[in-house]
There are 2 protein chains.
Amino acid sequence: MRLLLLLIVATATQAYGQDSTLIRHMADDILTQGKAYENLRTLCKEAPARLSGSANAAKAVELTQAMLKEAGADTVYLQPCMVPHWIRGPKEEADLSMAGGKKISLNVCALGNSVGTGPAGISAPVIEVRNFEELDKLGKKVIAGKIVFINYPMNQTLVNTFAAYGDAVRYRVLGPSLAAKYGAVGLVLRTLSTSMNDYPHTGTTHYDSTQPKIPAFAVSTNDAEKLSRYLRMKMVSRLYMKAGCRMLPDTPSFNVIGEIRGAEFPNEVVTVGGHLDSWDLAEGAQDDGAGIVQSIEVIRALKASGIRPSRTVRAVMFMNEENGGRGGEAYAEHAATDGLQYIFGLESDNGGFTPRAFSIGAPPDRFKEFTAWGPLLEPYGISEWKVGGGGADVSPLTKVKAIVGELVPDSQRYFDFHHAANDVFEAVNRRELLLGAVNMTALVYLVSKYGI
Amino acid sequence: MRLLLLLIVATATQAYGQDSTLIRHMADDILTQGKAYENLRTLCKEAPARLSGSANAAKAVELTQAMLKEAGADTVYLQPCMVPHWIRGPKEEADLSMAGGKKISLNVCALGNSVGTGPAGISAPVIEVRNFEELDKLGKKVIAGKIVFINYPMNQTLVNTFAAYGDAVRYRVLGPSLAAKYGAVGLVLRTLSTSMNDYPHTGTTHYDSTQPKIPAFAVSTNDAEKLSRYLRMKMVSRLYMKAGCRMLPDTPSFNVIGEIRGAEFPNEVVTVGGHLDSWDLAEGAQDDGAGIVQSIEVIRALKASGIRPSRTVRAVMFMNEENGGRGGEAYAEHAATDGLQYIFGLESDNGGFTPRAFSIGAPPDRFKEFTAWGPLLEPYGISEWKVGGGGADVSPLTKVKAIVGELVPDSQRYFDFHHAANDVFEAVNRRELLLGAVNMTALVYLVSKYGI
């Protein structure tokens, strides 16, 4: 018994020793010969503003097909899905009419899914609320006929900025209809950002079908402060908003998939991905060009290592995460009927920052299989395994019993850029991006070798 | 025995509960009301290029005295020290004379301590070596009369970039004298940077007194690649270098100290600091404006919490870390004779990035006292306690038996900026900077309360 145990331990150590060497080899390759950073430059500069349904989204489909082929995927193919098609139209306008007659323009953008204002725009008095409680308290009497300005800053005391976003995002999603319920004619949201700057963010809002649809803007943090100050000083007579955004009919699009067929268990699939679409104001570098090029890099690094994975590895560029999630749904629907076994789905959609953890949605016994790999990934910055789950695109795979997870990079800078015009290639640090690719490659390699 | 143990555990838990609450309170204050970010802006914009002996270094002494008073230090005072006074003179020039007669200029800067070239500059053929082994191999016959170009890139496969710097920095420190030994008339070093850009870094070089002092430049990574390519193509006939830098006599300067006197053990001193001087090309934001404003913030946050520390807490703005270390030495010399007990010295000089660890130089039993505080700091990002030590300024305190340590933030971006003109205020992320201040404040608070 004791001898046998020793033997098992020795074999395990030996296997992990080989894994450690191979992971080091792949890491060195990614950090020195990798293509992720240049791929990100190409994607961001040649297909920025890749909102679902746009010409640039179609271009991104083409670009990433080529990148996956270049990376050495055995097969590269498209998976069709229908996607919403919202367009912003000409740059929005917002002006304050000041007491003395002066006009002051604000840095604004329409929220995703927002209706337009009509060509004449709308003009109304503006009233500030700090939260929904204040909105409810003021009620129809005060709100009706006005533009509501929701001035709810992200909570800076939450160390994980995604928690602060989770707390504040309800104002973007629910704000317009809750304001419309009291007769508001428009909404201006203090943008969801952790920094003070001039870049309003966009992102989906949702209209409750029982309420009138009112135009909804975000205003930059700097201008939210300015607006609030002017309102306190009673210097603002009216706010003018103009936007030509509108929703067009659904349009066909695609997930892009690149695959390395498993040598031993080709019917067991390990999925790794990010989302290919981005908001239309930005280059979509942190969100989520980073996840895209990291996923392509997993394929490239595995191929370059010369080792064929035991299980099939698929890099999936999901379409339409931002305003619909149709790509993720289409992939899971297909997975439910194709007779393959989807064992793991890994996502990178939290920015290309220094990796700190993996979040895994698995029952305790299987979670332990991941943490057992901890020492192999620790040299590359993974200091924690969080009980959690995957992002929006791989989560539908839980319907086919896949375990899902996501890369958790450092969160401090993410909401300086999120969904705003400053989310550009230059906002991504090369080494931080590549270290994410290293850890994703290592984890995909381990799952594809050992299963879960 | 068992009861007693329970009692101790209960008391400990209770105390830690209070500590946890107080640390949360101070963290919230730092993240929302803190002054570190605005202080950094002031220091960088009003006193950039704070090289020892310069007018801006003197201005930085004044500015930080005012900041420490504003932070609420009981006493603020200056500690004199003599510092070296090296000046760069007019912007350096470097031109390649190309085979066809064309001139191509390079992005260069003189290394710190370098001698000048004289007003006429120097012109010589240039020869590339990749390392000292190649230099030795070529020897006097080939090297004599030439300018040596050392093209040794930082090792990108080392996940900790400080390890890559440690590996490469010998070329900057020793390169000029080793080249001079073989008769070289000048040295050009591929700048020590992890990114490809146009910003050469400076930093000290050291002349061996047995060799002629030759002018030593750094060339930006982009231009190092360019120069290497032209040399391979045999397109370069000569390199021209011109610099007016020189060493002036030592000059008086100061450490700036702000103190909160301990309530119970005023003779036991906890030191926290960074260095006030910076290289002359930059604003010295990451290096080390960050450490300065974080140390001031420790004083501000402790005062603002309303709790008087049991032991004396001193924030020290050390002068002359970059090219001499005289401030750190002066502080330790004073400590050896003033009759006080220096129990701990904490330094922040690794950039204002997201904190990941503390490095502590302590024997195992006392190291454990630090790791026992781990759970209190983990919510703010400290996931590791490294056996190590402090930086250059607090390390001399080991002579008076102090335990020393340093903040270890994420290292990925540090050598994109280090000692180069792009180390500016805008390169520092507010939340990353403040989280460093949070963890430093927490650790200083704990040591000042419990001792070691």
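The rules behind these values
Residues numbered from 1 in each chain as written. Chains lettered and ligands numbered in written order. Predicted model: local features only at pLDDT ≥ 70, side-chain atom pairs only at ≥ 80, totals over all residues. Heavy atoms only, no water. Helix = DSSP H or I, 4+ residues; strand = E, 2+ residues; numbered from the N terminus. Rg over C-alpha atoms; globule rule 2.2 N^0.38 Å. Buried < 20%, exposed > 50% of the residue type's maximum accessible area, 1.4 Å probe, protein only. Contact = heavy atoms within 4.5 Å. Areas by Shrake-Rupley, 256 points an atom, 1.4 Å probe, with all protein chains shown as cover. Axes fitted to C-alpha atoms, helices over the stretch in contact; angles between N-to-C directions. Parallel < 35°, antiparallel > 145°, perpendicular 65-115°, else oblique. Left-handed = near helix turned anticlockwise from the far one by under 90°. Pairing = 2+ DSSP bridges. Buried area = accessible area lost by both parts, 1.4 Å probe. Salt bridge = Lys/Arg side-chain N within 4 Å of Asp/Glu carboxyl O. Polar contact = N/O pair within 3.5 Å; in protein donor to acceptor, adjacent residues only side chain to side chain. Nonpolar A, V, L, I, M, F, W, Y, C, P; charged D, E, K, R; others polar. 1 Å grid on protein atoms, 1.4 Å probe; cavity = no way out; pocket = protein on both sides within 12 Å on 5 of 7 lines; lining within 4 Å. Points joined across faces, edges and corners; volume = space filled by probe spheres on them. Least-squares fit on C-alpha atoms with pLDDT ≥ 70 in both. Expected span 1.5 Å × (residues − 1). pLDDT = per-residue confidence, 0-100. Phe/Tyr/Trp six-rings, centres within 6.5 Å; stacked < 30°, edge-to-face > 60°.

**Q** Tell me about the overall build of chain A, and name the residues and values.
**A** A tally of helices and strands in chain A yields twelve helices and 17 strands. Computed over its C-alpha atoms, the radius of gyration of chain A comes to 24 Å, within 12% of the 22 Å expected for a compact globule of 452 residues. Considering chain A as a whole, with its 452 residues, one finds that 60% of them fall into the buried category. At a minimum sequence separation of 6, the contacts of chain A that also span at least 24 residues come to 83%. For chain A, the accessible area works out to roughly 17,200 Å², and carbon and sulfur atoms hold 56% of it.

**Q** Break down the packing of helix α3 (residues 55–71) of chain A against helix α7 (residues 285–305) of chain A for me, citing the residues and quoting the values.
**A** Residues and elements named next belong to chain A. The contact between α3 and α7 brings their axes to 8 Å, and the two run at 20 degrees. Taken together, α3 and α7 sit at an angle that is classed as roughly parallel. By crossing handedness, the relation of α3 to α7 is classed as right-handed. Across from Thr64, Met67, Leu68 and Ala71 in α3, the residues of α7 making contact are Ile292, Ile296, Ile299, Arg300 and Lys303.

**Q** Help me get a handle on the pairing of strand β2 (residues 93–98) of chain A, residues and values and all.
**A** Residues and elements named next belong to chain A. A large share of β2 lies buried, amounting to five of its six residues. Strand direction decides the pairing type here: β2 and strand β10 (residues 236–242), joined by six bridges, are antiparallel. When the bridges of β10 are listed, Asp95 appears paired with Tyr240. Direction of pairing for β2 relative to strand β3 (residues 103–105): antiparallel, over a ladder of three bridges. Paired with Leu96 across the bridge in β3 is Ile104. Following β2, the chain reverses through four residues before pairing antiparallel with β3; Gly101 in that reversal takes a positive phi of roughly 105 degrees.

**Q** Give a description of the interface of chain A and chain B that names residues and reports values.
**A** Counting residues at the interface gives 27 residues for chain A and 26 residues for chain B. When chain A packs against chain B, the two sides together hide about 2,200 Å² of surface, and 45% of this comes from carbon and sulfur. If you look at where chain A meets chain B, you find two salt bridges. In this structure, the connection of chain A to chain B is made through 22 residue pairs in polar contact (both at pLDDT 80 or more). Contributions of two or more residues to the side of chain A that touches chain B are made by α1 (2–33), β15 (355–361) and α12 (430–450) of chain A. Here the residues of the side of chain A that touches chain B sort into seven nonpolar, eleven polar and nine charged.

**Q** Go over the sheet that holds strand β2 (residues 93–98) of chain B, please, and point to the residues and values.
**A** Residues and elements named next belong to chain B. Taking strand neighbours across the sheet as the criterion, the four strands line up as β3-β2-β10-β5 in an open arrangement whose pairing is antiparallel. Every interior strand has two partners, whereas the edge strands, β3 (103–105) and β5 (122–124), have only one. Along the sheet, successive strands turn relative to each other by an average axial angle of 20 degrees, direction set aside. As judged from the three bridges shared by β5 and strand β10 (residues 236–242), these two strands associate in the antiparallel manner. Residue pairing for β10: Ala124 is matched across the bridge by Leu239. Where helix α6 (residues 221–232) meets the sheet, its contacts fall on β2, β3 and β10, and the angle it forms with β3 comes to roughly 155 degrees.

**Q** Explain the layout of surface pockets to me, using residue names and the numbers behind them.
**A** In this structure, the second largest pocket encloses a volume near 930 Å³. Looking at the lining of the second largest pocket, its residues break down into twelve nonpolar, 14 polar and eleven charged.

**Q** If you had to explain empty space enclosed by the protein to someone new, which residues and values would you point to?
**A** To find leftover empty space, a probe the size of one water molecule is rolled over the atoms. Counted by the stated rule, this structure contains three cavities of 30 Å³ or more. When its volume is computed, the largest cavity comes out at roughly 50 Å³. In terms of lining, the largest cavity is formed by Phe353(A), Thr354(A), Arg356(A), Asp410(A), Arg413(A), Glu432(A), Thr354(B), Arg356(B), Asp410(B), Arg413(B) and Glu432(B). Classifying every residue of the lining of the largest cavity by side-chain character gives one nonpolar, two polar and eight charged.

**Q** Give me the relation of the copies chain A and chain B: which residues, what numbers.
**A** Of the transformation superimposing chain A on chain B, the axial component is 0.0 Å and the angular component is 180 degrees, with the fit at an RMSD of 0.0 Å. Such a combination of rotation and displacement between the chain copies is what one expects of a two-fold axis. Nearest to the rotation axis, the C-alpha of Ser383(A) is located 3.5 Å from it, this being the minimum over chain A. Comparing interface residues between copies, 96% of those in chain A also sit at the interface in chain B, which points to an isologous, same-surface contact.

**Q** Outline helix α6 (residues 221–232) of chain A, supporting the account with residue identities and numerical values.
**A** Structurally, the α-helix is built with 3.6 residues per turn, so residues lying three or four positions apart point the same way. Residue and element names in this part refer to chain A. The terminal C-alpha atoms of α6 lie 17 Å apart, and with twelve residues this matches the ideal 16 Å at 1.5 Å per residue to within 8%. For α6, the complete set of buried residues consists of Thr221, Asp223, Ala224, Lys226, Leu227, Ser228, Tyr230 and Leu231. Looking at the residues trailing α6, positive phi occurs at Lys234, about 55 degrees.

**Q** Mind laying out the side chain of Asn422(B), listing which residues take part and the relevant values?
**A** Residues and elements named next belong to chain B. In this structure, Asn422 sits in the loop between α11 (414–417) and α12 (430–450). By relative accessible area, Asn422 is classed as buried at 15%. At a separation of 2.9 Å, a polar atom in the side chain of Asn422 contacts the main-chain carbonyl oxygen of Asp416. If we ignore the near neighbours within four places in the chain, the residues touching Asn422 are Asn197, Tyr199, Asp416, Phe417 and Ala427.

**Q** Outline the pattern of salt bridges, listing residues and values.
**A** Within this structure, the stated rule accounts for 44 salt bridges over all chains. Residues Arg130(A) and Glu134(A) are paired through a salt bridge, measuring 2.7 Å at the closest nitrogen-oxygen approach. Note on Arg130(A): relative accessible area 52%, which makes it exposed. Glu134(A) sits in the partly exposed class, given a relative accessible area of 21%. What emerges from the salt-bridge pattern is a single network uniting Arg413(A), Glu432(A), Arg413(B) and Glu432(B).

**Q** An account of the confidence of the model for chain A is requested, with residue identities and associated values reported.
**A** Residues and elements named next belong to chain A. For chain A, per-residue confidence averages 96 on the pLDDT scale, and 97% of positions sit at 70 or higher. Note on residues 1–10: pLDDT is under 50 here. Beyond four places in sequence and across chains, it has zero contacts. Among the prediction metrics, the complex's ipTM stands at 0.94, with pTM recorded as 0.95.

**Q** Break down the sheet that holds β10(A) for me, citing the residues and quoting the values.
**A** Residues and elements named next belong to chain A. Strand order across the open sheet formed by four strands is β3-β2-β10-β5, with antiparallel pairing between neighbours. Lying at the two open borders of the sheet, with one neighbouring strand each, are β3 and β5 (122–124). Sheet twist, expressed as the average angle between the axes of neighbouring strands with direction ignored, equals 20 degrees. The sheet strands contacting α6 are β2, β3 and β10, and the helix crosses β3 at an angle near 155 degrees.

**Q** Could you give me a rundown of the packing of aromatic side chains, with the residues and numbers involved?
**A** As enumerated under the stated definition, the model contains 32 aromatic pairs over all chains in all. Ring geometry for Phe132(A) and Tyr171(A): centres 4.3 Å apart, planes at 40 degrees, overall tilted. Residue Phe132(A) is found in helix α4 (residues 132–143), and its partner Tyr171(A) is found in helix α5 (residues 161–181); the two are separated by 39 residues along the sequence. Consider the rings of Phe370(B) and Trp385(B), whose centres lie 6.3 Å apart with planes at 45 degrees: the pair is tilted. On the criterion of sequence distance, the pair formed by Phe370(B) in helix α9 (residues 364–371) and Trp385(B) in strand β16 (residues 384–387) is long-range, its members being 15 residues apart. Accessibility classification places Phe370(B) together with Trp385(B) in one group, the buried group. Every member of this aromatic cluster is reached through a ring pair, and the members are Phe344(A), Phe358(A), Phe370(A), Trp373(A), Trp385(A) and Tyr450(A).

**Q** Go over the packing of helix α2 (residues 36–46) of chain A against α3(A) with me, naming the residues and quoting the values.
**A** Residues and elements named next belong to chain A. Interhelical geometry of α2 versus α3 gives an angle of 160 degrees and a closest axis separation of 10 Å. Classified by the angle their axes make, α2 and α3 are roughly antiparallel. α3 is crossed by α2, and the crossing has right-handed handedness. Packed against α2, whose contacting residues are Asn39, Thr42, Leu43 and Glu46, the element α3 presents Asn56, Lys59, Ala60, Leu63, Thr64 and Met67 at the interface. A class-by-class count of the residues in the contact of α2 with α3 yields four nonpolar, four polar and two charged.

**Q** Talk me through the environment of Ala421(B); I want residue IDs and the actual numbers.
**A** All names here are of chain B. Checked against the element boundaries, Ala421 lands in the loop between α11 and α12. What makes Ala421 partly exposed here is its relative accessible area of 38%. Remark: the alpha-carbon pair of Ala421 and Ile127, spanning 294 residues in sequence, is separated by 27 Å. Excluding residues that lie within four positions of it along the chain, Ala421 makes contacts with Tyr199, Leu281 and Ala282.

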